[in-house]
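Single-letter residue listing:
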Amino acid sequence: MWQKRFLECDVYPLFGGLLTSEILERCLDDSLSMNVYSAHDYTVLSVLSNLRVLPVYESMMYFACTVTFEVWSSLPPDHPSGPSRIPLVDGGEGSGKVIRILLNNNPFNDTRKNIDTSMPPLHLCPTSEVQPQNEVCLADLSEASVREMVIDIRGKYTKLSESAVVTAAKTTDQDTE
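Just so it is clear, the model here is predicted, and its values are computed rather than measured. (Residues numbered from 1 in each chain as written. Predicted model: local features only at pLDDT ≥ 70, side-chain atom pairs only at ≥ 80, totals over all residues. Heavy atoms only, no water.)

Chemist: Tell me what's going on with the pairing of strand β5 (residues 135–142), and back it up with residues and numbers.
Modeler: Burial analysis of β5 places eight of its eight residues in the buried class, which makes it a mostly covered element. Bridge analysis of strand β2 (residues 98–104) against β5 gives seven bridges, and the strand direction is antiparallel. Residue pairing across strands places I99 opposite L141, the latter belonging to β5. (Buried < 20%, exposed > 50% of the residue type's maximum accessible area, 1.4 Å probe, protein only. Helix = DSSP H or I, 4+ residues; strand = E, 2+ residues; numbered from the N terminus. Pairing = 2+ DSSP bridges.)

See the structure below:
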């Protein structure tokens, strides 16, 4: 299901593209100290799809999953979950901000207490506290990479939305003939 809707879909920038570019732009804006967005799972999936980090994450999204964008002034230390699945490809020490993208797909289940592996993951031990051990570092992106992503996402969005308007106009013209 995820493959067809979020990875193999040619029009993914139309689904969450503007939101994704806005989030990235705000990560680079020094006048803002914090931004909080709240969304349903499909919006979260569309943002991850636009960031092109969804293919590296295979697990299902659970209730109240979170995506965190951390802004670092330099190369951050390794995340407790291990190195990012998409490593920093350009930049490094002293070359600007680094945007770290973290995903906690299962924040209210203590996966350490799921001793019986024969049970499906929905039967994990529910908790009232966020379980940080479920967090995974998806990507560490340089400031330059993030700026390129914003331009790319907005460009694809504009091209697809213009194409959709032309297609809709042709359909309307054919219907009236």
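Chemist: So what about the environment of M34? Which residues, and what values?
Modeler: Along the polypeptide, M34 turns up in the loop between α2 (17–28) and α3 (41–50). For M34, a relative accessible area of 65% translates into the label exposed. Residues M34 and E70 lie 36 residues apart in sequence; the distance between their C-alpha atoms is 9.8 Å.

Chemist: Outline the sheet that holds β2, supporting the account with residue identities and numerical values.
Modeler: The strand order across the open sheet formed by three strands is β1-β2-β5, and the pairing between neighbours is antiparallel. Edge strands, defined here as strands with exactly one partner in the open sheet, are β1 (66–72) and β5. Strand-to-strand, the axes of this sheet are offset by a mean angle of 20°, without reference to chain direction. Alignment of β1 against β2, held across seven bridges, turns out to be antiparallel. When the sheet's bridge partners are listed, T68 is paired in β2 with L102. (Axes fitted to C-alpha atoms, helices over the stretch in contact; angles between N-to-C directions.)

Chemist: Account for α3, naming residues and giving values.
Modeler: By the criterion of burial, α3 is predominantly enclosed, with seven of the ten residues buried. Of the residues making up α3, those classed as buried are V44, L45, S46, V47, L48, S49 and N50. Within two residues after α3, R52 carries a phi angle of roughly 60°, on the positive side.

Chemist: Break down the nonpolar core for me, with residues and values.
Modeler: L24, L48, L51, M61, F69, I101 and L138 are the most contacted members of the largest nonpolar core, which totals 24 residues. Every element with two or more residues in this core is listed here: α2, α3, β2, β5 and α4 (143–176). Ignoring sequence-local partners within four residues, the contact set of I101 consists of L51, V67, T68, F69, V136, C137, L138, A139 and L141. (Core = buried A, V, L, I, M, F, W, Y, C linked by side-chain atoms within 4.5 Å. Contact = heavy atoms within 4.5 Å.)

Chemist: Outline α2, listing residues and values.
Modeler: Compared with an ideal rise of 1.5 Å per residue, which puts twelve residues at 16 Å, α2 spans 17 Å between its outermost C-alpha atoms and is within 8% of the ideal. Taken together, the buried positions of α2 are G17, T20, S21, I23, L24, C27 and L28. Mapping the buried residues of α2 onto a view down its axis gives an arc of 155°, with all of them on the same face. (Expected span 1.5 Å × (residues − 1). Arc of directions from axis to C-beta.)

Chemist: Describe the side chain of E135, listing the residues and the values that go with them.
Modeler: For E135, the location among the structural elements is in strand β5. Of the buried charged residues, E135 lacks a salt bridge, with R100 as the closest side chain of opposite charge at 8.1 Å. One polar contact links E135 to H79, side chain to side chain, over a distance of 3.0 Å. Each residue touching E135, except ones within four places of it in the same chain, is listed here: T68, H79, S81, L102, L103 and N104. (Lys, Arg positive; Asp, Glu negative; His and termini not counted. Salt bridge = Lys/Arg side-chain N within 4 Å of Asp/Glu carboxyl O. Polar contact = N/O pair within 3.5 Å; in protein donor to acceptor, adjacent residues only side chain to side chain.)

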